[in-house]
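Working through the structure, step by step
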Amino acid sequence: QVHLVESGGGLVQAGGSLRLSCTASGIVLSIYNLEWYRQPPGQQRELVAFIRSGGTINYADSVKGRFTISRDNAKNTVYLQMNSLKFEDTAVYYCNARHGTMSYWGQGTQVTVSS
């Protein structure tokens, strides 16, 4: 059975930092394209960052220069380092592992940024 478990969310003041982790069991993340999404209150889920299995990385314009996605294949984990957090970064953050037609989601972790 496949599980993706996010952790690292919490309450932080504007300008602060958090590091989210997403650890998988039941699959080997090294062959997957890995994505972080977020869903702000009352809004649709949006793609924040991705890192492909081959290493290509990209970010949403709203987080470029502030967020960094990385992966540790030995730990079967993907990270999202979030710096210079803003109130508008408040959301539930989800990781997704995608390979061909397969797609697995974590349960989400809440990030709340106080202004």
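The notes below deal with the structure included here. Keep in mind it's a predicted model, so treat the numbers as computed, not measured.

A short note on the nonpolar core
Membership of the largest hydrophobic core comes to 28 residues, with the highest contact counts inside it found for Trp-36, Val-48, Phe-67, Ile-69, Leu-80, Met-82 and Tyr-93. Put simply, the parts of the chain that give this core at least two residues each are strand 3 (18-25), strand 4 (33-39), strand 5 (46-51), strand 7 (67-72), strand 8 (77-82), strand 9 (91-99) and strand 11 (109-114). Residues in contact with Ile-69, not counting those within four places in the same chain, are Leu-34, Trp-36, Ala-49, Phe-50, Ile-51, Ile-57, Tyr-59, Val-78, Tyr-79 and Leu-80.

Quick notes on the sheet that holds strand 1 (residues 3-7)
The strands making up a sheet are joined through hydrogen bonds of the backbone, oriented either antiparallel or parallel. The strand order 1-3-8-7 describes an open sheet built from 4 strands, whose pairing is antiparallel. Two strands lie at the open edges of the sheet, namely strand 1 and strand 7, each paired on one side alone. On average, adjacent strands in this sheet sit at an angle of 15° to one another, irrespective of strand direction. Bridge count for strand 1 against strand 3 is 5 bridges, and the pairing is antiparallel.

Details of the side chain of Ser-21
With respect to the helices, strands and loops of the structure, Ser-21 is situated in strand 3. With near-sequence residues (within four places) excluded, Ser-21 lies in contact with Val-5, Glu-6, Ser-7, Trp-36, Thr-77, Val-78 and Tyr-79.

Digging into the pattern of salt bridges
Under the definition given, this model contains 5 salt bridges. One salt bridge in this structure joins Lys-64 and Asp-61, with 3.3 Å as the shortest N-O distance. Given a relative accessible area of 66%, Asp-61 falls into the exposed group. Between Arg-66 and Asp-89 there is a salt bridge, with the nearest N and O atoms lying 2.7 Å from each other. Of this pair, Arg-66 sits in the loop between strand 6 (57-59) and strand 7 while Asp-89 sits in the loop between strand 8 and strand 9, and the two are 23 residues apart along the sequence. Each member of the pair, Arg-66 as well as Asp-89, is classed as buried. Sharing partners across several salt bridges, the network here consists of Arg-38, Glu-46, Arg-66 and Asp-89.

A word on the side chain of Thr-90
With respect to the element layout, Thr-90 can be found in the loop between strand 8 and strand 9. With sequence-adjacent residues up to four places away left out, Thr-90 is seen in contact with Pro-40, Pro-41, Gln-110, Val-111, Thr-112 and Val-113.

Cut-offs applied
Residues numbered from 1 in each chain as written. Predicted model: local features only at pLDDT ≥ 70, side-chain atom pairs only at ≥ 80, totals over all residues. Heavy atoms only, no water. Core = buried A, V, L, I, M, F, W, Y, C linked by side-chain atoms within 4.5 Å. Buried < 20%, exposed > 50% of the residue type's maximum accessible area, 1.4 Å probe, protein only. Helix = DSSP H or I, 4+ residues; strand = E, 2+ residues; numbered from the N terminus. Contact = heavy atoms within 4.5 Å. Pairing = 2+ DSSP bridges. Axes fitted to C-alpha atoms, helices over the stretch in contact; angles between N-to-C directions. Salt bridge = Lys/Arg side-chain N within 4 Å of Asp/Glu carboxyl O.

Purely spatial values, then, with no claim about function.
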